[in-house]
Amino acid sequence: MDRFEQCAVPAVPGGPAADVGTVIARMRAYRSRWPPQDGVAVFNQVYLTVTEAVGGRIADGSFADPQAVSVLDVRFAELYLTAVETEASGGRVPDCWRALFAYRRHPGVRPLQFALAGINAHIGHDLALAVVDTCRALDCAPEDLEDEFHRVGDLLVTLEEEIREDLMPGPDLLEIADPLTHLASTWSLERAREASWAAARVLWRLRGVPPLAEEFRTRMDAGVGLVGRLLLTPCR
């Protein structure tokens, strides 16, 4: 069975996460396991913040279809949780995640780079798979999830701006000359989200032809992995 077909049942110890609360608990457990300066820990904290925000919006009724958002959020997170557990057990993680795990302790890579590399991997590769998996679970098409997809995306864009401000070193005059400023500006969450939505629609169309779907996923994974490696170029 290829990875595209496996995406609905990731091999996470203890089984797939049941709800957003379970996902948050798993991420908090990772936070206590890793030192704060660890590159994966940096991304994990970012993702935990985002997931807590989404969970809060689900609870307060901000989404028109909270069930769809909850299922999408959990299926999406499972792909990250699976990558963590696979790497910890010595398995092969998708190309999109490999650079982050390989460079997680590199002294020349800065926190913002780790955060962006993780977001790039998760949005650029995992999100499309999660949309398809959610459609299978809810017996719907990607177009039925589009409104909630974009509402969650708008929240991510807002949070990304806060993340950049928190992790970007100052003062302002140094930021202009800092190579990190130029490197970070080459990647866009909004563009990555648009590409992921397009990829999800393609994968949904190809679901009846698994070999083609897997070829598409593999090439997408490789391309996102290359971008991640560039985002982790040492800047000090």
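Conventions adopted
Residues numbered from 1 in each chain as written. Predicted model: local features only at pLDDT ≥ 70, side-chain atom pairs only at ≥ 80, totals over all residues. Heavy atoms only, no water. Helix = DSSP H or I, 4+ residues; strand = E, 2+ residues; numbered from the N terminus. Buried < 20%, exposed > 50% of the residue type's maximum accessible area, 1.4 Å probe, protein only. Contact = heavy atoms within 4.5 Å. Axes fitted to C-alpha atoms, helices over the stretch in contact; angles between N-to-C directions. Parallel < 35°, antiparallel > 145°, perpendicular 65-115°, else oblique. Left-handed = near helix turned anticlockwise from the far one by under 90°. Nonpolar A, V, L, I, M, F, W, Y, C, P; charged D, E, K, R; others polar. Salt bridge = Lys/Arg side-chain N within 4 Å of Asp/Glu carboxyl O. Polar contact = N/O pair within 3.5 Å; in protein donor to acceptor, adjacent residues only side chain to side chain. Patch = residues over 30% accessible without salt bridge, like charges linked within 9 Å, V, L, I, M, F, W, Y side chains within 5 Å. Areas by Shrake-Rupley, 256 points an atom, 1.4 Å probe, with all protein chains shown as cover. Lys, Arg positive; Asp, Glu negative; His and termini not counted. Charge placed at Lys NZ, Arg CZ, Asp CG, Glu CD. pLDDT = per-residue confidence, 0-100. Core = buried A, V, L, I, M, F, W, Y, C linked by side-chain atoms within 4.5 Å.

1. A word on the overall build of the protein chain
Okay, step 1: Along the protein chain, the regular secondary structure elements total eleven helices and zero strands.
Okay, step 2: In the protein chain, the order of α-helices and β-strands from amino to carboxyl end is α-α-α-α-α-α-α-α-α-α-α.
Okay, step 3: Counting only residues that meet the buried cut, the protein chain has 51% of its 236 residues in that class.
Okay, step 4: When contacts within the protein chain are restricted to residue pairs at least 6 apart in sequence, those whose partners lie at least 24 apart make up 77%.

2. Quick look at the packing of helix H2 (residues 20–33) against helix H4 (residues 66–88)
Okay, step 1: It is the contact of H2 with H4, at a shortest axis distance of 9 Å, that shows an interaxial angle of 30°. Comparing their axes, H4 and H2 come out roughly parallel. Like other packed secondary-structure pairs, H2 and H4 cross with a definite hand, here left-handed. For the pair H2 and H4, the contacting residues are Val20, Val23, Arg26, Met27, Tyr30 and Arg33 in the first and Ser70, Asp73, Val74, Ala77, Tyr80, Leu81, Val84 and Glu85 in the second.
Okay, step 2: Looking at the contact of H2 with H4 residue by residue, the class counts come to nine nonpolar, one polar and four charged.

3. So, the pattern of salt bridges
Okay, step 1: Inspection of the entire model under this criterion finds 14 salt bridges.
Okay, step 2: Of the charged contacts, one joins Arg75 and Asp133 as a salt bridge, the two residues approaching to 3.1 Å between their closest N and O atoms. Here Asp133 lies in helix H6 (residues 111–138) and Arg75 lies in helix H4, a separation of 58 residues in the sequence.
Okay, step 3: The closest approach of N and O atoms between Arg217 and Asp221, which form a salt bridge, is 3.6 Å. One end of the pair is Arg217 and the other is Asp221, both in helix H11 (residues 210–231) and four residues apart, which spans about a single turn.
Okay, step 4: The class of Arg217 is buried, set by a relative accessible area of 4%.

4. Focus: the side chain of Asp221
Okay, step 1: Using a relative accessible area of 4% as the deciding quantity, one classes Asp221 as buried.
Okay, step 2: One polar contact links the side chain of Asp221 to the main-chain amide nitrogen of Cys96, over a distance of 2.7 Å.
Okay, step 3: Asp221 has contacts with Pro94, Asp95, Cys96 and His125, leaving out every residue within four places of it along the chain.

5. Describing a negative patch on the surface
Okay, step 1: A cluster of acidic side chains, namely Glu161, Glu162, Glu165 and Asp166, defines a negative patch on the protein surface.
Okay, step 2: With respect to the element layout, Glu162 can be found in helix H7 (residues 142–167).

6. Some points on the confidence of the model for the protein chain
Okay, step 1: The share of residues in the protein chain with pLDDT of 70 or more is 88%, and the mean pLDDT across the chain is 88.
Okay, step 2: Segment residues 6–15 is flagged for pLDDT under 50; beyond a separation of four residues in sequence, or across chains, it makes 15 contacts in the model.

7. Quick look at the nonpolar core
Okay, step 1: Within the largest apolar cluster, 76 residues are counted, with the highest numbers of intra-cluster contacts made by Tyr80, Trp97, Ile123 and Val131.
Okay, step 2: For this core, the leading source of residues is H6, giving 15 residues.

8. Section: helix H5 (residues 95–102)
Okay, step 1: All of the buried residues in H5 are Cys96, Trp97, Ala99, Leu100 and Phe101.
Okay, step 2: Buried residues in H5 make contact with helix H3 (39–59), H4, H6 and H11.

9. Brief notes about the side chain of Asp73
Okay, step 1: Tracing the backbone shows Asp73 in helix H4.
Okay, step 2: No salt bridge is formed by the buried Asp73; the nearest opposite charge belongs to Arg75, separated by 11 Å.
Okay, step 3: Apart from residues lying up to four places away in sequence, Asp73 is in contact with Val20, Thr51 and Val54.

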